[in-house]
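Structural overview
Letter by letter, the chains look like this.
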Amino acid sequence: MPHRATVFVTLTLADQLCGVPVTAVRDVLGVHPLTRIPLAPPEIAGSLNLRGRIVTAIDLRRRLRLPPAAGGVERMSVVAELGGDLYALLVDHVGEVVSPPSTAFERNPATLSETWASFSLGIYRLEGHLMVVLDVARLLSLTPA
Amino acid sequence: MDDLLAEFVTEAGESLAELDAALLKLEQAPGDAETLGRVFRLVHTIKGTCGFLGLTRLEHLAHAAENVLGRLREGSLVANADIISVILGALDRLKLILDGIRLTGAEPHGDDASLITALDDVSAGKRSEAAPAEPVSKPESAAEDVAHEPEAPEAHVAGPQTLRVNVEILEELMTLVGELVLTRNQLMQIDRMHQNSAYVVPLQRLSHITTDLQEGVMKTRMQPIGNAWNKLPRLVRDLSHELSKSIELDMLGAGTELDRQVLELIRDPLTHMVRNSADHGLETPAERRAAGKAETGRISLNAYHEGGHIIIEVGDDGRGLPVDKIRERVLARGLASEADVAAMSDTSLQRFIFHPGFSTASAVTSISGRGVGMDVVKTNVEKIGGTIDVRSTPGAGAVFHIKIPLTLAIVSALIIAAGGERFAIPQISVVELVRTRADGEASVAGSEPLIDRIDETLVLRLRDRLLPLVNLAALLHLPPVHREAGDCLHIVVAQVGANTLGLVVDQVFDTEEIVVKPVSPILRHLTLFSGNTILGDGSVIMILDPNGIARLLGVGASGVAEKRSVTQVVGSQTSTDRTSMLLFRAGMHRCLAVPLGLVSRLEDMKPAQIETAGDMLLTQYRGKLMPLICLADGLSGAHGRGGAATYTQSAELSASHPVLVFLDHGRSVGLIVDEIIDVVEEQLRIELIADRPGVLGIAVIAGRATDVIDTGYWLTRAHQDWFIKSAPSAGRQPQILVVEDDDFFRQMVVPILSAAGYSVTAASDGEQALRLRDAGERFDAIISDIDMPGMGGVAFARQIRAGGLWSQVPLIALSGLDEHSAGRIAKDAGFTEHVMKHDRGALLKGLERHLAVNAVAA
């Protein structure tokens, strides 16, 4: 997928620019009321109603073991589909759609932290930024302990 | 119209429609043997069924048509347009008659002679193939024949009555209806916020239509439960051969309908249970004969609707569940400690059969006994939001009771809040809602449920039961909501299998029809939730699974409710006497006991027999009025002597009440209780003295903490004058010493004597009593047990009579022995009189007499 010129939806997590293939994205949401799910894994922020469908929200900061967002900051989410179920990936900000040339793609640097490395499919060199391509399937494969 | 006829009409209508097409095809290809064969069979079937149902007109017509088709099939006639027209004419007539049957339930009158003649002519070959078509099949002639039949305008639109629809389409429809219900709920919610909106009326209409549509679609998915049973007769027959048992299968309520999805899921558990009943439940014919039962064992299935649920009972009249074997197995597998098992009721023990891997079958047979039995059944039943329980009577069989929702798609649920979040609890498991004071203070009325604490465990005392309480917010690891002192606690009493537990919630909202949606796969491991849904206000909420809660708490086969607080032993001595105790229940007091010797009779009274006079309850008993006391109210401190007010409320709930009758001096009093539990013979140890009026104390009877009631108190309450005649008229209260080693009898005698106006001192043995004498205590009479450890009654009497302060004091002997032997021993030892234990009348009379004698002498 990253080897061809792909269109990505960019998002930021703790100031890091990330990208999700636009084909995986069903929707982009602003602040949405969440229902907490007791006893759920900490990464699961809750569930929300997206036009009659129940969407499970996953806090990507928690998933990537990043420090929690500052209080009062409004967070957005990217809705992805996996196996017929919808998931909202809670991020700090959803940015523009980019289409970097495949030549700008690099494999994960060996020094990338283990957590990032496990969810990154590779890196794109954009102007002034590096964009981490997130592995949506990995992000959503929350196996209960 | 009976079902058979209706079915025939439907079927025949479909056959005729098929015939039409087939005949037209035949007309095109007269030699098509396959089509001919099909046409012949269809007509033949109609003819056969008509004969069976006694529909002569149809039968004759069909018969004539069949003859023609027979000839065609043989090849002795070749189909041409003329012949086909004649047959089509017959078919049209058949349709007309069928429409008549559909409308009136009977064959309409009419003459088919011309048609039959035409058919017969064809089959006899009288009509040459080239002959022009006679007008038999023409509408005019048909109209002639029909003319004198009853007007039937709908007759012409009669089409097939049933349709085969792909299940997937129905499933899809159901999903869409589910979405529609949600959207409707959302619209209604919005509408509630906007007063006087122009949408109110159309919205109401939309709401009604949605409900109707939902019901309609639900109906399309409904199937009779008999569909899940149809393989059982064969199964039972095979099993009876395999096991050499004679088994009869009874199936009741096979027409009870439920959602096909539920039906599919219940099929296997039911089959398994029938298998189990045949294998484990029923005895061999020889065993049955020996037990005095009919050789043929009976397995019965019964299904019926009850309050939006379907109840299925699978029972047998076999040996019942082997409690002893279960107990052994529970201990062997370490599922419960010996002490726990000893304290468990048979019912609780029997529920262990639902434990994973639990099987008592000694041998693994091909049928069952592999230990993958009832727990799987239970899991499957719970998966569809149902509950299962078992009732078993040794020697008489066992009945499994399954309660499942009619449908899984849309359920009625109670919306509650806990820890700041809202949750839905399926209505199926909600028994009742209770509101009580958070501080656990007893209310004056005594009718409010109470919250008690055993160690750290909260329990709810609700009427006659002790329910484990679960704080939902804490269970879900949600922050507790701040409560003001004196705030009310909301408790949802939920039924989980045979267990009942109380869920403490912050708020109770409404019930709502919710569409159950499965939770996301990444949340499936949370067994606490059975799904989630979207409420009318658009918010997502989790649906709690009470079974999951019970699993999390470990309220399994045993149940927290079985636990009782361990009371501290209050310096008691143990008596070796065994006493027959009557165990019973009354109100919220779980287990009460009274010595059987004090009970004169046990009666069963219907509410109609119980009358009220003022605030007293009365009944006519053996030609006299007998005061009644509702023990439950009495114990909870309700006002009024008889608790008449509360009784009348509860009376409607119960067909009849057991009444304990106490007789004395030709007077009687009845204590109304809820249920007689048992009679046990046990050593009685009162371990905790209760300070509640009417209760002597708490003893461990049959392994359970039991309140022993103070009969003297209740008798006094019923007849305020009960003891008056035996009580001293005035002046100084006579001093009585009671020497009795048995705590219970000491506890019982003291209040009786006090109530009779005596001042009573008690000693637990002879030595203790003699120390009182040496201390210079004076008594007007002494009552002593004869049989006591240490210094017995006889030695004690001899000591007293030997001289000293008490040598002249009347001395009454108490014993459980019979009058003659004990009486003589007592007299020899120096007792003034001997009285049988429990004979309160004789004791009081004796005291009265001796004290009077003394008074005269003084």
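Note that the structure is a prediction, hence the values are computed from the model and not measured.

1. Quick look at the nonpolar core
Residues Leu 134 of chain A together with Phe 423, Leu 472, Leu 503 and Phe 529 of chain B are the most contacted members of the largest nonpolar core, which totals 56 residues. Beyond its immediate chain neighbours, meaning those up to four positions away, Leu 503 of chain B contacts Ile 425, Val 470, Leu 472, His 490, Ile 491, Val 492 and Ile 549 of chain B. Counting 48 residues, the second largest nonpolar core, distinct from the first, contains Ile 225, Leu 239, Met 273 and Met 374 of chain B.

2. Concerning the environment of Met 836 of chain B
By the secondary structure assignment, Met 836 of chain B is in strand β35 (residues 833-836). Met 836 of chain B sits 22 residues away from Leu 814 of chain B along the chain, and the two C-alpha atoms are 5.6 Å apart.

3. Some thoughts on the interface of chain B and chain A
Across the contact, 26 residues belong to chain B and 21 residues belong to chain A. Buried area between chain B and chain A, summed over both chains or domains, comes out near 1,900 Å², and the portion from carbon and sulfur atoms is 67%. Run the count over chain B and chain A and you get 1 salt bridge. For Glu 421 of chain B, the salt bridge is made with Arg 36 of chain A, and the minimal N-O distance between the two is 2.7 Å. In this structure, the connection of chain B to chain A is made through 4 residue pairs in polar contact (both at pLDDT 80 or more).

4. A look at helix α2 (residues 33-53) of chain B
Residue and element names in this part refer to chain B. The terminal C-alpha atoms of α2, which comprises 21 residues, lie 30 Å apart, in line with the 30 Å expected from a rise of 1.5 Å per residue. Three or more residues of α2 are buried, namely Thr 35, Leu 36, Gly 37, Val 39, Phe 40, Leu 42, Val 43, Ile 46, Lys 47 and Cys 50. Residue Gly 54 follows α2 closely and has a positive phi angle near 75°.

5. Thoughts on the pattern of salt bridges
All names here are of chain B. Applying the stated criterion to the full structure yields 28 salt bridges over all chains. The partner of Glu 248 in a salt bridge is Arg 298, with the nearest N and O atoms 2.9 Å apart. Highlighted residues: Glu 248 in strand β2 (residues 247-252) and Arg 298 in strand β4 (residues 297-306), separated in sequence by 50 residues. Assessed through its relative accessible area of 35%, Glu 248 is described here as partly exposed.

6. Considerations on the packing of helix α4 (residues 81-104) of chain B against helix α5 (residues 113-123) of chain B
All names here are of chain B. Packing of α4 against α5 brings their axes to within 10 Å, and their N-to-C directions diverge by 145°. For the element pair α4 and α5, the recorded crossing hand is left-handed. Between α4 and α5, the residues in contact are Ile 83, Val 86, Ile 87, Gly 89, Ala 90 and Arg 93 and Leu 115, Ala 118, Leu 119 and Val 122, respectively. Tallied by class, the residues present in the contact of α4 with α5 amount to 8 nonpolar, 1 polar and 1 charged.

7. A word on the packing of aromatic side chains
Summed over the entire model, instances satisfying the criterion amount to 5 aromatic pairs over all chains. An angle of 80° between the planes, with centres 5.5 Å apart, marks the rings of Phe 779 of chain B and Trp 806 of chain B as edge-to-face. Remark: Trp 806 of chain B occurs in the loop between α24 (793-801) and β34 (811-815) and Phe 779 of chain B occurs in the loop between α23 (766-774) and β33 (781-785); sequence separation between them is 27 residues. Here the two residues Phe 779 of chain B and Trp 806 of chain B agree in accessibility, since each one is buried. By the ring-pair criterion, three or more aromatic residues cluster together here, those being Phe 8, Phe 105 and Tyr 124 of chain A.

8. Some remarks on the sheet that holds strand β31 (residues 735-739) of chain B
Residue and element names in this part refer to chain B. Strand order across the open sheet formed by 5 strands is β32-β31-β33-β34-β35, with parallel pairing between neighbours. Whereas interior strands pair on both sides, the edge strands pair on one side only; in this sheet they are β32 (759-763) and β35. Shown here is a sheet whose adjacent strand axes are inclined to one another by a mean of 25°, direction ignored. Across the sheet, α24 lies against β31, β33 and β34, angled at about 155° from β33, the strand it touches most.

9. Some thoughts on the confidence of the model for chain B
Residues and elements named next belong to chain B. Per-residue pLDDT for chain B averages 75, and the proportion of residues at 70 or more is 79%. Segment residues 129-157: pLDDT under 50, and 32 contacts once partners within four positions in sequence are set aside and those in other chains are kept. Confidence drops under pLDDT 50 across residues 721-730; counting only partners more than four residues distant or on other chains, this segment forms 23 contacts.

Conventions adopted
- Within each chain, residues carry numbers counting from 1 in the order of the written sequence.
- Numbering of ligands from 1 and lettering of chains from A proceed in the order in which they are written.
- Given that this is a predicted model, residues contribute local features only at a pLDDT of at least 70 and side-chain atom pairs are listed and counted only at 80 or more, while totals for whole chains, interfaces and linings are drawn from all residues.
- The basis for every side-chain value is the complete set of non-hydrogen atoms in the structure, without hydrogens or water.
- We define the nonpolar core as a collection of buried residues of types Ala, Val, Leu, Ile, Met, Phe, Trp, Tyr and Cys that are connected through side-chain atoms lying within 4.5 Å of one another.
- Relative accessibility under 20% of the residue-type maximum defines a buried residue, over 50% an exposed one, and the middle range a partly exposed one, all with a 1.4 Å probe and only protein chains included.
- For this analysis, residues touch if any pair of their heavy atoms sits within 4.5 Å.
- For helices the rule is a DSSP run of H or I covering at least 4 residues; for strands it is a run of E covering at least 2, with both sets numbered from the N terminus onward.
- Computed with a 1.4 Å rolling probe, the buried area is the accessible surface lost when two parts are put together, summed over both parts.
- Salt bridges are identified by distance alone: a Lys or Arg side-chain nitrogen within 4 Å of an Asp or Glu carboxyl oxygen.
- Under this definition, polar contacts are N or O atom pairs within 3.5 Å; protein pairs additionally need one hydrogen-donor-capable and one acceptor-capable atom, and for neighbouring residues in sequence, both atoms have to be side-chain atoms.
- By this rule, a helix spans an expected 1.5 Å times one less than how many residues it contains.
- A fitted line through C-alpha atoms serves as each axis, taken over the contacting stretch for helices, and the angle formed by two N-to-C directions is quoted from 0 to 180°.
- By definition, any crossing whose near helix is turned counterclockwise from its far helix by less than a right angle is left-handed, and any crossing with a clockwise turn is right-handed.
- Think of it as three bins: nonpolar holds Ala, Val, Leu, Ile, Met, Phe, Trp, Tyr, Cys and Pro, charged holds Asp, Glu, Lys and Arg, and polar takes everything else, Gly as well.
- The pairing test for Phe, Tyr and Trp rings, Trp by its six-membered ring, is centres within 6.5 Å, and the orientation test on the planes gives stacked under 30 degrees, edge-to-face over 60, and tilted for anything in between.
- Should DSSP find at least two bridges between two strands, the strands are taken to pair.
- Per-residue confidence from the predictor is reported as pLDDT, which spans 0 to 100.

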